[in-house]
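Remarks on the overall topology
Residue-level listing of the chains:
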Amino acid sequence: KTILKVSALTVTAAAAAGLFFGGIAYESAQNRKVYWSEVTVSDGQHRELMLPDGTHLLLKPGSRITYPSEFTADSRQIFLDGEVFATVAKNPHKPFVITAGDVSVKVLGTVFDFRAYSSSESAEIALAEGSVEMLVASDSASVKYSMTPGDVIQYDGHTGNVSRRRFSPEFICQMSTAGSLHFIDQRLDDIIAELERAFGREIVVTDSDLSRRRFDAWFTEGENLDKILASLNADGSMRITERNDVLYIFSR
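Summary of the structure given here. Each chain carries its own residue numbering, running from 1 in the direction its sequence is written. Owing to the predicted nature of the model, reporting of local features is limited to residues with pLDDT of at least 70; listing and counting of side-chain atom pairs is limited to 80 or more, with chain, interface and lining totals taken over all residues. Side-chain measures were taken over the full set of non-hydrogen atoms in the model, leaving aside hydrogen atoms and water.

1. A few points about the pattern of salt bridges
- A pair is scored as a salt bridge if a Lys or Arg side-chain nitrogen falls within 4 Å of a carboxyl oxygen belonging to Asp or Glu. Overall, the coordinates contain 19 salt bridges when judged by the stated rule.
- Residues Arg115 and Glu194 are paired through a salt bridge, measuring 2.7 Å at the closest nitrogen-oxygen approach. Note that Arg115 is positioned in strand E12 (residues 111-116) and Glu194 in helix H2 (residues 188-199), a separation of 79 residues in sequence. Note on accessibility: Arg115 and Glu194 belong to one class, buried.
- As a salt-bridge pair, Arg166 and Asp151 come within 2.9 Å of each other at their nearest N and O atoms. Pair noted here: Arg166 is in strand E17 (residues 161-166) and Asp151 is in strand E16 (residues 151-156), with a separation of 15 residues, a long-range link. Helix numbers and strand numbers start at the N terminus; a helix is a DSSP run of H or I with at least 4 residues, a strand a run of E with at least 2. Exposure categories follow from relative accessible area, calculated using a 1.4 Å probe and restricted to protein chains: below 20% of the type maximum is buried, above 50% is exposed, and the middle band is partly exposed.

2. A closer look at the packing of aromatic side chains
- Planes of paired rings set the category: under 30 degrees apart is stacked, over 60 is edge-to-face and the rest tilted, where pairs are Phe, Tyr or Trp rings (Trp by its six-membered ring) whose centres lie within 6.5 Å. A full pass over the atoms with the stated rule returns six aromatic pairs.
- Taking 6.4 Å as the distance between ring centres and 70 degrees as the angle between the ring planes, the aromatic pair formed by Phe71 and Phe96 counts as edge-to-face. Placement of Phe71 in the loop between strand E8 (64-68) and strand E9 (76-87) and of Phe96 in strand E10 (residues 96-100) is noted, with a sequence separation of 25 residues between them.
- Phe71 gets classed as buried once you look at its relative accessible area, which sits at 11%.
- Phe96 sits in the buried class, given a relative accessible area of 0%.
- Chaining the aromatic ring pairs together yields one cluster made of Phe167, Phe171 and Trp218.
- A positively charged side chain is recorded as over a ring if its NZ (Lys) or CZ (Arg) lies within 6 Å of the ring centre. The angle to the ring normal must also be within 35 degrees. Above the plane of the ring of Tyr117 lies Arg197, whose end atom (NZ or CZ) is 3.3 Å from the centre.
- Here the basic side chain of Arg243 rests over the ring of Tyr248, its NZ or CZ set 4.8 Å away from the ring centre.

3. Re H2
- Helix length check: H2 (12 residues) gives 16 Å between terminal C-alpha atoms against 16 Å at 1.5 Å per residue, within 8%.
- Here H2 has its buried residues at Leu188, Asp190, Ile191, Ile192, Glu194, Leu195, Arg197 and Ala198.
- In the segment just after H2, Gly200 is the residue with positive phi, at about 65 degrees. In this analysis, the expected span of each helix is defined as 1.5 Å times one less than the number of residues it contains.

4. A closer look at the pairing of E10
- Across the five residues of E10, five count as buried, placing the element largely inside the fold.
- Alternating residues of E10 divide into Phe96, Ile98 and Ala100 and Val97 and Thr99, and every residue in both groups is buried.
- Relative to E10, E9 runs parallel, the two sharing four bridges. Bridge assignment links Ile78 to a residue of E10, and that residue is Ile98.
- Bridge analysis of E10 against strand E11 (residues 103-107) gives five bridges, and the strand direction is antiparallel. Note on E11: the bridge partner recorded for Val97 is Lys106.
- Two strands pair if DSSP finds at least two bridges between them. Between E10 and E11, which pair antiparallel and follow one another directly, the connecting turn spans two residues, one of which, Gly101, has a positive phi of 65 degrees.

5. Notes on the packing of H2 against helix H4 (residues 225-232)
- H4 packs onto H2 with a crossing angle of 165 degrees between their chain directions and a minimal axis gap of 11 Å. As summarised for this structure, H2 and H4 are arranged roughly antiparallel, according to the angle between their axes. As H2 runs across H4, the sense of the crossing is right-handed. In this structure, H2 uses Ile191, Ile192, Leu195 and Phe199 to contact H4, whose residues at the interface are Leu225, Ile228, Leu229 and Leu232.
- Following the grouping adopted for this structure description, the nonpolar residues are Ala, Val, Leu, Ile, Met, Phe, Trp, Tyr, Cys and Pro, the charged ones are Asp, Glu, Lys and Arg, and the polar ones are all others, Gly among them. For the contact of H2 with H4, the class distribution of residues is eight nonpolar, no polar and no charged. Each axis is a line fitted through C-alpha atoms, taken for helices only over the stretch in contact, and angles between the N-to-C directions span 0 to 180 degrees. Working definition: roughly parallel below 35 degrees, roughly antiparallel above 145 degrees, roughly perpendicular at 65 to 115 degrees, and oblique for all remaining angles. By convention, the crossing between two helices is left-handed when the near helix turns anticlockwise from the far helix through less than a right angle, and right-handed when the turn is clockwise. Note on contacts: a residue pair qualifies if any of its non-hydrogen atoms lie within 4.5 Å across the two residues.

6. Topic: the nonpolar core
- Definition of nonpolar core: a set of buried residues of the types Ala, Val, Leu, Ile, Met, Phe, Trp, Tyr and Cys, connected through side-chain atoms within 4.5 Å. Within the largest apolar cluster, 32 residues are counted, with the highest numbers of intra-cluster contacts made by Ile78, Phe112 and Phe114.
- Counting residues per element, this core draws most heavily on E9, which supplies four residues.
- Dropping the residues within four chain positions of it, Ile78 is found in contact with Leu51, Leu57, Ile65, Thr66, Tyr67, Pro68, Phe71, Phe96, Val97, Ile98 and Thr99.

7. Thoughts on the sheet that holds strand E19 (residues 202-205)
- On the basis of which strands lie adjacent, the open sheet formed by three strands has the order E19-E22-E21 and mixed pairing. The open sheet has two edge strands, E19 and strand E21 (238-243), and neither has a second partner. Shown here is a sheet whose adjacent strand axes are inclined to one another by a mean of 20 degrees, direction ignored.
- Direction of pairing for E21 relative to strand E22 (residues 246-251): antiparallel, over a ladder of six bridges. Of the residues in E22, the one forming a bridge with Met238 is Ser251.
- H2 rests against E19, E21 and E22 of the sheet, and its axis sits at about 170 degrees to E19.
- Sheet contacts for H4: E19, E21 and E22; angle to E22, the most-contacted strand, approximately 10 degrees.

Next comes the structure, spelled out in structure tokens:
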């Protein structure tokens, strides 16, 4: 694994225009029509969204979220494909639940980053404030993990492993900026997928062993794609070339 001692670098991106699609209505227990809406964020963009309960979401590039016009059930449930930095409105009587594939996050009121793209086999939760329960479902059983501020829990769908690491809550709060990128023990293929979403560029890793190599790095200061890739290649083990507007990464 490579650990980069890089001062925080960031990705600049234009403000996103999410797309709202026609809602699906149903009758709630209180006989009120509730509509489900979907917001998508294009590659290279971000979007801020306020939910009906006052929860604030920052959606990262390539994300999609589905949410109701009103939270009428016993929990406030939404569905995610992507990454979101959430500041959840407190409501001790109605927990807030984000579901993304096999992973769910349950909170009462807290601040955290949740990344779970359907194109990746991994999920990650980084908790800045409050408390969170992460539920990982499998064919045989579901396992619950409780988190405290500073915890980062990662689920690796390639292996089924769940790992926990500790960081300062202040570090996790840096993920709330629109252009931030963070990679904590991430495979290069997952990092490349996120860079493609952030910059709208096609990047191909030609070596399968290289694609499984893991990195620790965070970027929060407006560096462009070339500088980020150069940072990841600080040891010179990769050769990066461009051909027909596609970036290719080879092992040296």
